Amino acid sequence: MSATVEMFRVGDMAVYPAHGVGKIESIESRKVGEMEQSFYVMRFIESNMTVMIPTTTCGTVGLRNIISADDVQSVFAILNHRDVETESQPWNQRYREYTNKIKTGSIFEIAAVLRDLLLLRGDKDLSFGERKMVDTAKTLLVKEIALAKQIQEEQVAEHIDRIFS
């Protein structure tokens with residue numbers, strides 16, 4: 001059995017697409033079929049849910065580090081960008097597209113989804129699913145930005161609210 005190089009260490013904070021920020025609580029080996037496999041055991045901040053992610057596929061599933069404090073500026077630039085076309089597509093088509101963007105785990109895609117939905121909200125009522133998506137996107141952004149900048153989540157949420165007020 002060859003030794004695997006681990007991307008994360010116990011105690012590291014990481015982002016798992018569509019679930020958000022969590023902490024690597026342990027790295028465990030389990031026998032899966034005939035093979036011994038190594039897993040990250042990750043607990044999510046928001047839901048307290050725990051998942052096991054095979055260390056060999058963590059890149060494939062999108063597990064990534066928290067963004068840098070420098071990248072936070074880029075996220076706010078996306079949120080502040082107003083010259084975007086909100087296509088007049090049916091809400092269910094838009095919902096599918098935005099869900100796929102959130103599932104990428106990219107904070108930049110999530111910021112674009114939040115921006116687009118909040119701008120759209122100024123023009124028309126959002127569907128129930130879109131309102132839930134606003135909450136999801138905002139929660140994912142707030143948690144990660146707060147960790148990246150080492151500030152309180154409330155400060156981040158207030159900053160985002162000011163951008164769209």
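Heads up: the structure comes first, above all this text.
Keep in mind the model is a prediction, meaning the values are calculated, not measured.

Colleague: What exactly am I supposed to notice about the pattern of salt bridges here?
Modeller: When their charged atoms lie close together, side chains carrying opposite charge are able to pair. Considering all chains together, one arrives at 8 salt bridges under this definition. Between E46 and K143 there is a salt bridge whose closest N-O contact spans 3.1 Å. Remark: K143 occurs in helix α4 (residues 128-149) and E46 occurs in the loop between β3 (35-44) and β4 (50-54); sequence separation between them is 97 residues. The exposure class of E46 is exposed, given its relative accessible area of 51%. R115 is the salt-bridge partner of D116, the closest N and O atoms lying 2.9 Å from each other. Judged by relative accessible area, R115 falls into the buried class, the value being 9%. When salt bridges that share partners are traced, they join E46, K143 and E153 into one network.

Colleague: Teacher, can you tell me more about the packing of aromatic side chains here?
Modeller: Applying the stated criterion across every chain yields a total of 3 aromatic pairs. Between Y16 and F44, the aromatic rings sit 6.1 Å apart at their centres with planes inclined by 40°, giving tilted as the arrangement. In this pair, Y16 sits in strand β1 (residues 13-16) while F44 sits in strand β3, placing the two residues 28 residues apart along the sequence. Measuring from centroid to centroid gives 6.4 Å for W91 and Y95, while their planes differ by 65°, and the two rings are edge-to-face. A residue pair is termed a helical-turn pair when its members lie 3 or 4 positions apart in one helix, as W91 and Y95 do in helix α2 (residues 91-103) at 4 residues. Taking relative accessible area as the criterion, Y95 reaches 33% and is therefore assigned partly exposed.

Colleague: I would appreciate a short explanation of helix α5 (residues 153-163) in the present structure.
Modeller: The α-helix advances 3.6 residues per turn, and as a result positions three or four apart in sequence lie on the same side. Among the residues of α5, V156, A157, I160 and I163 are the ones counted as buried. Along the axis of α5, the buried positions cluster into a sector of 120°, meaning they face one direction only. Where α5 is buried, its residues meet α1 (69-80), α3 (107-121) and α4.

Colleague: Hey, could you run me through the environment of S29 in this one?
Modeller: Examined against the element boundaries, S29 turns out to sit in strand β2 (residues 20-32). Measuring from C-alpha to C-alpha, the distance between S29 and F39 comes to 6.1 Å, with 10 residues separating the pair along the chain. If sequence neighbours within four positions are ignored, S29 has contacts with E36, Q37 and S38.

Colleague: What am I meant to see in the sheet that holds β1 here?
Modeller: Read from one edge of the open sheet, 5 strands run β4-β3-β2-β1-β5, paired in antiparallel fashion. Strand pairing shows two members of the sheet lacking a second neighbour, β4 and β5 (64-65), which therefore form its edges. Relative to β5, β1 is paired through 2 bridges, and the arrangement is antiparallel. Of the residues in β5, the one forming a bridge with A14 is N65. Taken strand by strand, α4 contacts β1, β2 and β5, and its axis lies near 90° from that of β2.

Conventions we followed
- Along each chain, residue indices are assigned from 1 in the same order as the chain's sequence is written.
- Where local features are concerned, this predicted model is filtered to residues with pLDDT of at least 70; where side-chain atom pairs are given and counted, the filter is 80 or more; whole-chain, interface and lining totals use all residues.
- Values reported for side chains reflect all heavy atoms of the structure, with hydrogen atoms and water molecules removed beforehand.
- Any carboxyl oxygen of Asp or Glu within 4 Å of a side-chain nitrogen of Lys or Arg constitutes a salt bridge here.
- Runs of E in the DSSP output that reach at least two residues are strands. Runs of H or I that reach at least four are helices, and both are numbered from the N terminus.
- In this scheme, a residue with accessible area under 20% of its type's maximum is buried, one over 50% is exposed, and one in between is partly exposed, where area comes from a 1.4 Å probe on protein chains only.
- For Phe, Tyr and Trp, where Trp contributes only its six-membered ring, two rings pair if their centres lie within 6.5 Å, and the inter-plane angle classes them as stacked under 30 degrees, edge-to-face over 60, or tilted in between.
- Working definition: the arc comes from the directions between the helix axis and the C-beta atoms, pointing outward to the latter.
- Every residue pair with non-hydrogen atoms within 4.5 Å of one another is taken to be in contact.
- Here, a strand pair is defined by DSSP locating no fewer than two bridges between the strands.
- All axes are obtained by fitting lines to C-alpha atoms, using only the stretch in contact for helices, and the reported angles, taken between N-to-C directions, cover 0 to 180 degrees.

What is shown is where atoms sit, not what they do.
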